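Here are the chains, one letter per residue:
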Amino acid sequence: VGIGTTGPGAKLHIEDTTAATYSPTAFPNASIYVRKYDNSGLAGEYAAMQFWATSNNAAAHGAGAISLIQLANDGTASDFAFSLRNAAGAYGEKVRITSTGNVGIGTTGPGGTLDVRGGTASSGHGIPIILSAQAGGASSNGGNLVFNAGPNGASGANGQIIFGIGGVITTT
């Protein structure tokens, strides 16, 4: 199906040839408009786009969604949430961008500009964030970056930066 084009390049191809310049301080004009409307007035109302990838066995599929969530019934603020299906078949929110610009990975209520939670503490040194310059993104020499790490990753302790080099952990 082609919308705005006579030669679609995919099952659904939407094309807008209107000239427009993006501004980070203005709400953009829509090339694609998705709206869910009801007048229940409930906080937590949302509009979502779902994505599915199914193999030969219809029961085996990958799935994800991007949701715009209205935070209050006055409609003045909203968050974006990114959800995925895991290998066990359970769905869950993985990333949230709040109306204030905070990004949460592993939390639905990020407390700062970037709030990363979850995972497993690595040898009592917090949650690993892998920084790698190797081809393919593989890391064999550590690469943990840890802030605010107490025993087993507990918060409230003095922050540390820990570097893993060749399997040896050094602290500064």
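Basis of the calculations
- Residues numbered from 1 in each chain as written.
- Predicted model: local features only at pLDDT ≥ 70, side-chain atom pairs only at ≥ 80, totals over all residues.
- Heavy atoms only, no water.
- Salt bridge = Lys/Arg side-chain N within 4 Å of Asp/Glu carboxyl O.
- Buried < 20%, exposed > 50% of the residue type's maximum accessible area, 1.4 Å probe, protein only.
- Phe/Tyr/Trp six-rings, centres within 6.5 Å; stacked < 30°, edge-to-face > 60°.
- Pairing = 2+ DSSP bridges.
- Helix = DSSP H or I, 4+ residues; strand = E, 2+ residues; numbered from the N terminus.
- Axes fitted to C-alpha atoms, helices over the stretch in contact; angles between N-to-C directions.

Undergrad: Looking at this structure, how should I read the pattern of salt bridges?
TA: Pairing is possible between side chains that carry opposite charge, provided their charged atoms lie close to one another. According to the stated counting rule, one finds three salt bridges in the structure shown. A salt bridge links Arg117 to Asp115; the shortest N-O distance between them is 2.9 Å. For Arg117, a relative accessible area of 43% gives the class partly exposed. By sharing partners, the salt bridges in this structure join Asp79, Glu93 and Arg96 into a single network.

Undergrad: Looking at this structure, how should I read the packing of aromatic side chains?
TA: Each aromatic ring pair is described using two quantities: the centre-to-centre distance and the angle formed by the ring planes. All told, the structure shown has one aromatic pair when counted by the stated rule. Here Phe80 and Phe82 contribute two aromatic rings whose centre-to-centre distance is 6.5 Å and whose plane-to-plane angle is 35 degrees, an arrangement assigned as tilted.

Undergrad: Looking at this model, I keep getting lost on the sheet that holds strand S4 (residues 61-70). Mind explaining?
TA: For sheets, the rule is that strands pair by backbone hydrogen bonds, running either parallel or antiparallel. As summarised here, the arrangement of the six strands in space is S3-S4-S5-S6-S7-S8, forming an open sheet in which the pairing is mixed. The open sheet has two edge strands with one neighbour each: strand S3 (46-54) and strand S8 (114-116). Recorded for the sheet is a direction-independent mean angle of 20 degrees between the axes of neighbouring strands. As paired elements, strand S5 (residues 78-85) and strand S6 (residues 91-97) share six bridges and run antiparallel to each other. Within the sheet, the bridge partner assigned to Phe82 lies in S6 and is Val95.

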